[in-house]
Structure formats: C-alpha cells, structure tokens
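Residue-level listing of the chains:
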Amino acid sequence: MPDTAEPLDRARAAKPVPKPGIMDIHAYVPGKAKADGVENPIKLSANENILGSSPKARDAFMSAADEMQIYPDSRTGILRDAIAQRFRLEPERLIFGCGSDEVFALLNQAFLEPGDNIVQGEYGFAAFAIGARACQAEVRSAKEPGYRIDVDEMLKVVDDRTRLMFLANPGNPTGTWIPFSEVLRLHAALPPSVVLVLDGAYSEFATDPAFQDGLDFARGTDNVVVTHTFSKLHGLAALRVGWGYAPAEIAAAVDRIRLPFNTSIAGQRAAVAALGDEEFQARSIAHVDQWRSWLAQQLGGLGLETVGPSATNFVLVGFPKVAGKTAADADEFLSARGLLTRRVLNYGLPDHLRITIGLEEHNRAVVEALAEFMKA
C-alpha cells in the first residue's frame with residue numbers, strides 16, 4: 001500500500017486559501033456615519049431618505065415583533081403579489097433579494113464562469129464588480145465622457161465572453177442619466193446572449209419625460225432585467241429589500257441559487273405598506289426635486305462644479321486641485337462641523353464629494369459651510 005502519511009501531514013499543515021482573485025477585491029466602503037468630536041452629526045453620506053420612511057411602513061414593521069421566531073415566507077408572497085399588481089407584472093418573473101445588491105450578486109453567480117466578463121460604466125456602482133470578481137470574471141469599464149453613460153463606449157468593450165452588462169440609470173455616484181431612446185439603442189446592438197441589467201435604484205427621482213426605468217420594455221425581451229430597491233425612495237435601507245423583474249428563465253435560474261429566506265417578515269410587510277403609501281412617495285420626490293436644484297445652483301455660485309443635472313437624491317460636487325481647497329479638505333472641513341458627505345475615491349473620483357439632499361436646514365448648512373471653506 002502507498003504511504004499516504006506524508007501528503008496528509010502536508011495537507012494538515014497548509015492554510016486554507018481563497019480562490020484566485022478574491023483577496024484582490026476592494027471591499028465595499030459605506031458612507032461614514034460618525035465624526036470625531038460631534039455627538040449627532042448630519043448624515044448626508046449614504047443617499048438615505050431624509051424624510052425617514054412611511055408611517056404605514058413603520059406600523060407594518062412593528063406588526064412582526066411577535067413573530068421573530070418564525071421563518072419568513074421564502075417566496076416573498078405578499079410583496080410579490082403587491083409588486084405584480086402595482087406594476088402589472090407576472091409574479092413568477094420577480095426576483096427578491098437582501099437589497100438589490102444581492103440580486104446583482106445572484107445574476108453574476110448564475111451567468112459567470114472564470115474568463116467571462118461583465119461590462120459597466122466607468123463609474124459603475126461598486127456592487128456590480130464585487131459580484132463579478134467573486135465569480136473570477138473580468139470587469140470591463142467603459143469610459144463615461146462628461147460623467148455620463150455613453151452607449152458607443154459601452155458597446156466597444158463587449159466581446160464574445162461578455163455575459164452581463166450593468167447600467168445604473170440614473171447612475172451612482174454621478175447622478176446622471178440617459179434617455180430611454182439610448183437604452184433601446186444599446187439593447188438593439190447587444191448580442192442576444194448578453195443580459196442587460198437596468199439598475200433603477202434611483203429611478204423614482206428621475207422625473208424627465210424622456211426617462212423610463214425599462215419595466216414596460218422588459219416585458220417582451222429575453223435578456224433584460226430591471227432592478228429596484230426599497231432603500232432609497234421608500235426609506236427602508238435598514239430592512240434590505242430589493243427586487244428585480246426578469247425573463248422567466250432567468251428568474252427560475254436565480255431562484256435555484258438564492259438563499260431560501262433572504263428577506264425578513266418585517267421587511268416584506270414594511271415594503272408592502274411603503275409601496276401603498278403614495279402620499280409619502282410623492283412628498284419624498286417633491287422634496288428632492290425642490291432642494292436638488294437649489295443646492296446645485298448655490299454650490300455653482302460658490303465656484304464649485306456640480307455634475308449633472310442630477311436625477312437622484314444627491315449631487316456630485318467637484319473641487320479644485322488646489323492645496324487647502326481639495327475634496328479631501330472640504331470633507332474634513334464639513335465633518336468638523338457635523339456635516340457628513342461621501343468621498344468617492346473608490347470610484348476614481350478623488351476631486352469630488354457626493355452630498356445627499358437633506359432637509360432645508362441641512363442643505364443651507366452645507367452651503368454656508370462650503371462658502372466659508374471657499375473663502376478661507
């Protein structure tokens with residue numbers, strides 16, 4: 001018999017090693033929530049709904065307090081039915097996840113093998129790439145002239161190993177958007193084997209008539225997935241509920257690999273209630289629409305460049321590459337005054353800050369602080 005003792009000893013002595021590429025992934029960095037020396041800072045770093053969430057959603061959340069010992073409905077039945085009815089969608093074509101981030105990860109897992117690639121914009125949302133690289137796939141980033149998705153640039157980097165294309169419209173962290181006519185042109189030029197994922201996390205804040213989220217178009221396609229989240233407009237970021245509308249075959253594939261209880265009872269109930277509270281949604285959109293344009297105008301008056309116009313609940317602001325006036329300096333200055341914004345270094349934007357639209361007093365405080373900063 002062969003002597004197996006030595007190989008076994010070597011195996012026991014070896015350390016577990018993650019598969020290639022995992023440790024090269026840059027972990028997601030959330031918006032900061034604390035400032036040294038400030039007890040209750042104003043958090044404008046994570047694009048949360050500054051008005052909170054629907055009172056109806058809070059009541060629905062509380063209704064689950066006595067059921068914490070019970071597993072949630074794995075099929076997300078009550079929310080599936082509510083979304084299907086609200087948007088006139090086939091229930092079996094819906095995908096649910098722990099935020100839309102998980103939907104992206106599941107799509108990557110379902111379609112990517114080592115050597116495949118995804119295509120995204122130059123400033124694509126970080127979760128797209130994290131999920132792809134976890135599958136040992138390549139991430140191809142197309143240039144975004146003027147901080148805006150360019151269809152021709154996206155198509156340039158597609159090849160026969162492209163499996164998924166992620167398009168956040170409007171985009172994060174840029175806030176820019178493209179009209180749906182351009183989305184249609186992009187889809188028409190894509191190979192039918194490429195899945196086009198339209199990330200609509202901020203779509204409710206895009207009110208221009210030329211904008212569409214793609215749900216109506218996706219009904220008749222075999223390769224378009226549209227995603228949405230309850231984190232932004234609905235103010236349920238803590239509950240992590242996202243969804244997607246996909247061709248039946250793709251939805252069925254994702255359903256086979258998702259974890260069985262990936263949305264909670266409280267999250268499902270709160271999301272149903274939030275979806276039904278159209279007054280809260282309208283008030284949230286109106287607030288953003290009013291103060292977004294005001295904030296951009298005021299910052300422009302200080303000599304700062306705002307990217308856009310933004311179609312989201314934030315603005316991306318550019319700062320000069322001058323000592324004492326850089327984005328890093330501005331972020332430190334604002335933080336010391338209890339105003340938390342978002343550095344976007346990880347998106348290749350070292351000269352910008354992303355600022356969530358706050359309440360009136362928050363927005364005015366940001367402008368006053370930056371006016372002082374620019375004069376100093």
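Residues numbered from 1 in each chain as written. Predicted model: local features only at pLDDT ≥ 70, side-chain atom pairs only at ≥ 80, totals over all residues. Heavy atoms only, no water.

Trainee: Explain unusual backbone geometry here, please?
Mentor: Glycine aside, negative phi is the norm for most residues, and most peptide bonds take the trans geometry. In this chain, Asn172 is followed by Pro173 through a cis amide linkage whose omega measures 20 degrees. Locating Pro173 in the fold gives a position in the loop between strand E5 (162-168) and helix H7 (180-189). With an omega of 15 degrees, the peptide bond between Gly308 and Pro309 qualifies as cis. Phi at Arg88 takes a positive value of approximately 55 degrees, unusual for a residue other than glycine. Although it is not a glycine, Tyr147 sits at a positive phi angle of roughly 65 degrees. The residue Tyr147 is located in the loop between strand E4 (138-142) and helix H6 (151-156) in this model. (Helix = DSSP H or I, 4+ residues; strand = E, 2+ residues; numbered from the N terminus.)

Trainee: Help me understand helix H11 (residues 278-301), please; the structure alone is not making it clear to me.
Mentor: Owing to its 3.6 residues per turn, the α-helix aligns residues three or four sequence positions apart on the same side. Relative to the 34 Å expected for 24 residues at 1.5 Å per residue, H11 spans 35 Å between its end C-alpha atoms, a close match to the ideal helical length. Every buried residue belonging to H11 is among Phe280, Gln281, Ser284, His287, Val288, Trp291, Arg292, Trp294, Leu295 and Leu299, and all of these are buried. On its buried face, H11 sits against helix H3 (77-87), helix H10 (265-276), strand E9 (305-306), strand E10 (314-318), strand E13 (349-356) and helix H13 (360-375). Gly303 sits one or two residues past H11 and shows a positive phi near 90 degrees. (Expected span 1.5 Å × (residues − 1). Buried < 20%, exposed > 50% of the residue type's maximum accessible area, 1.4 Å probe, protein only. Contact = heavy atoms within 4.5 Å.)

Trainee: Looking at this structure, I do not really get the sheet that holds strand E7 (residues 224-229). What am I missing?
Mentor: Strand-to-strand pairing in sheets goes through backbone hydrogen bonds, with the strands running parallel or antiparallel. Reading across from one edge, E2-E8-E7-E6-E5-E3-E4 is the order of the seven strands in this open sheet, with mixed pairing throughout. Each edge of the open sheet carries a strand with a single partner, namely strand E2 (94-97) and E4. Put simply, the sheet's adjacent strands are angled 20 degrees from each other on average, direction ignored. As defined by bridge partners, strand E6 (residues 195-199) adjoins E7 across four bridges and the pair is classed as parallel. (Pairing = 2+ DSSP bridges. Axes fitted to C-alpha atoms, helices over the stretch in contact; angles between N-to-C directions.)

Trainee: Looking at this model, I keep getting lost on the pairing of strand E8 (residues 242-245). Mind explaining?
Mentor: On E8, burial covers both faces: Gly242 and Gly244 on one face and Trp243 and Tyr245 on the other are all buried. As judged from the four bridges shared by E2 and E8, these two strands associate in the antiparallel manner. Looking at E8, one finds that Ile95 is bridged to Gly244. Pairing between E7 and E8: four bridges, direction antiparallel. Across the sheet, the residue bridging to Thr229 is Gly242, located in E8.

Trainee: How should I be thinking about the environment of Ala323 in this particular structure?
Mentor: Here Ala323 shows up in the loop between E10 and helix H12 (327-336). In this structure Ala323 comes out as exposed when scored by relative accessible area, which is 76%. For the pair formed by Ala323 and Asp116, sequence separation is 207 residues and the distance between their alpha carbons is 43 Å.

Trainee: Mind showing me how you'd approach the side chain of Asn47 here?
Mentor: You can see Asn47 is positioned in the loop between strand E1 (42-43) and helix H2 (55-62). Note on Asn47: relative accessible area 0%, which makes it buried. Looking at Asn47, its side chain comes within polar contact range of the side chain of Arg354, at 3.5 Å. Look past the residues within four positions of Asn47 in its chain and what remains in contact with it is Asn172, Tyr202, Lys232, Asn313, Phe314, Arg354 and Thr356. (Polar contact = N/O pair within 3.5 Å; in protein donor to acceptor, adjacent residues only side chain to side chain.)

Trainee: Teacher, can you tell me more about the packing of H2 against H10 here?
Mentor: Axes are the key here: two packed helices are described by the angle between their axes and the distance separating the axes. Two numbers describe how H2 lies on H10: the axes approach to 8 Å, and their chain directions differ by 155 degrees. Considering their axes alone, H2 and H10 lie roughly antiparallel with respect to each other. Along this stretch, H2 crosses H10, giving a crossing that reads as right-handed. Residues Lys56, Ala57, Ala60 and Phe61 of H2 touch H10, and the partners they reach there are Ala266, Arg269, Ala270, Ala273 and Ala274. Here the contact of H2 with H10 is built from residues that sort into seven nonpolar, no polar and two charged. (Parallel < 35°, antiparallel > 145°, perpendicular 65-115°, else oblique. Left-handed = near helix turned anticlockwise from the far one by under 90°. Nonpolar A, V, L, I, M, F, W, Y, C, P; charged D, E, K, R; others polar.)

It is worth stressing that arrangement in space is one thing and function is another; only the former is reported here.
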